[in-house]
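# A look at the structure
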Amino acid sequence: MASPSARPVPRPGVMEIEAYVPGKSRAPDGVKLHKLSSNETPFGASPRVQEAIREVAGHLELYPDGQSSALRQAIAEVHGVNPARILCGNGSDELLGLLAQGFLQPGDEAIHTEHGFLVYDIYIRAAGGVPMVAKERDERADVDAILALVTERTRIVFLANPNNPTGTYLPFDEVRRLHAGLPGNVLLVLDAAYAEYVRRNDYAAGLELVSENENVVMTRTFSKIHGLAALRVGWMLGPEGVIAALDRIRGPFNLNAMAIAAGTAAIRDRQHVERSIAHNTEWLERLTAGLEALELRVTPSVGNFLLVHFPEAAGRTAADADAFLTERGFILRRVAGYGFPNALRMTVGTAEANEGVLAALTEFTAR
């Protein structure tokens, strides 16, 4: 008979994983909330999404399409790709986790960059893999540093392009150089969650590279520019062999019916997307100029957020600025867990929120 004190024990390594901590979402009582901590769009979802959700709401007793066929077809039409090479997920996070689960054995190595998305490390460790961290140069991924870490035990390279929380990106010729330096059995994962916001001629999300190779996948999300963060919708384009493997280990109904319908409507509303791009492009420039005028360093960003660095002087640190802004209802993101203990990440918000942050930081830096 088992001892009364016996209890289930997680496998070795699980409790050593640092749990992911999302951005704050509350302001003090009586203060208007401007949530700028999670890179959410200020425009919300397309009006077409609301219509699609209302239609589904009348049939909640029915299971969703387990293949997300309508969504995959819509994505294929918009991006000009084969729907058979698309896999949809409960956010791109689920797909990143499935890649680690499907392609890492205990002891295998997977590489991510120094300031890369925190979930890479979590999923690598959860699969029993060993995270290998490549140093960045000027807060940008360094191809040579990544390739220097490749060994016979390497199975995956995770690259966020653009990266979060820095907002920096690798030009596509550098991504191609990275891929050319990898063995054929190493999977290059291009996480392009912020691709829609990039306005650079030398950038590409990875569609072409995936179509040409058997060891490249690209993940995308509907949480950012499409405004579906609450519904958790993501997708991946990959070689048929990779898609077939992950299709066997995902949940049978991993997207709910509302998510499928909402994503299908959202990706076809180009007017809504273009409006969001125009707003973001304008305010990235205005915020950068305004913050730099306050003598705060801003990492050049191509995403929908800015990484703002504060001096280490007493009363002027990122923690001090965060407290000052929070009191006024402006909720930014602390990024110490990403290796930036003295910086805040600010999402591009509404004009009111953006102007409010600039005014508050003007007051803060003048103290």
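Residues numbered from 1 in each chain as written. Predicted model: local features only at pLDDT ≥ 70, side-chain atom pairs only at ≥ 80, totals over all residues. Heavy atoms only, no water.

The name recorded for the protein in an unreviewed UniProt entry is Histidinol-phosphate aminotransferase, from Aureimonas jatrophae. Annotation of the protein in UniProt includes, under Sequence similarities (unreviewed entry), the sentence "Belongs to the class-II pyridoxal-phosphate-dependent aminotransferase family. Histidinol-phosphate aminotransferase subfamily." If you open the UniProt record of the protein and go to Pathway (unreviewed entry), you find "Amino-acid biosynthesis; L-histidine biosynthesis; L-histidine from 5-phospho-alpha-D-ribose 1-diphosphate: step 7/9." (UniProt positions renumbered as here; feature names shortened; annotations may be inferred.)

## Focus: the packing of aromatic side chains
Counted by the stated rule, this structure contains 7 aromatic pairs. Here the aromatic rings of Tyr63 and Phe253 are separated by 4.8 Å at their centres, their planes lie at 25°, and the arrangement is stacked. In this pair, Tyr63 sits in the loop between helix H1 (47-57) and helix H2 (69-79) while Phe253 sits in the loop between helix H8 (240-249) and helix H9 (257-266), placing the two residues 190 residues apart along the sequence. Summarising the aromatic geometry, the rings of Phe324 and Phe364 are spaced 5.4 Å apart at their centres and angled 55° between planes, so their arrangement reads as tilted. Placement of Phe324 in helix H11 (residues 318-327) and of Phe364 in helix H12 (residues 351-365) is noted, with a sequence separation of 40 residues between them. (Phe/Tyr/Trp six-rings, centres within 6.5 Å; stacked < 30°, edge-to-face > 60°. Helix = DSSP H or I, 4+ residues; strand = E, 2+ residues; numbered from the N terminus.)

## Regarding H8
Residues of H8 that are buried: Val242, Ile243 and Leu246. The buried residues of H8 occupy an angular sector of 95° when projected down its axis, which confines them to one face. Turned more than 90 degrees away from the buried face of H8, the exposed residues are Gly241 and Arg248. In the core, the buried residues of H8 are packed alongside strand S2 (86-89), helix H3 (91-103), strand S6 (187-191), strand S7 (216-221) and strand S8 (234-237). (Buried < 20%, exposed > 50% of the residue type's maximum accessible area, 1.4 Å probe, protein only. Arc of directions from axis to C-beta. Contact = heavy atoms within 4.5 Å.)

## Focus on H2
Within the span of H2, buried status applies to Leu71, Arg72, Ala74, Ile75 and Ala76. In the core, the buried residues of H2 are packed alongside S2, S8 and H9.

## A word on the layout of surface pockets
Roughly 370 Å³ of volume is contained in the second largest pocket. Lining the second largest pocket are 22 residues; nearest its centre among them are Val21, Leu118, Arg333, Gly337 and Tyr338. Among the secondary structure elements, those contributing two or more residues to the lining of the second largest pocket are helix H4 (118-126) and strand S12 (333-335). Of the residues belonging to the lining of the second largest pocket, the class tally is 10 nonpolar, 6 polar and 6 charged. Residue-level mapping places the lining of the second largest pocket at the junction of two domains, with at least three residues from each of domain 1 (23-44 + 271-366) and domain 2 (47-269). (1 Å grid on protein atoms, 1.4 Å probe; cavity = no way out; pocket = protein on both sides within 12 Å on 5 of 7 lines; lining within 4 Å. Points joined across faces, edges and corners; volume = space filled by probe spheres on them. Nonpolar A, V, L, I, M, F, W, Y, C, P; charged D, E, K, R; others polar. Domains from an automatic or database assignment.)

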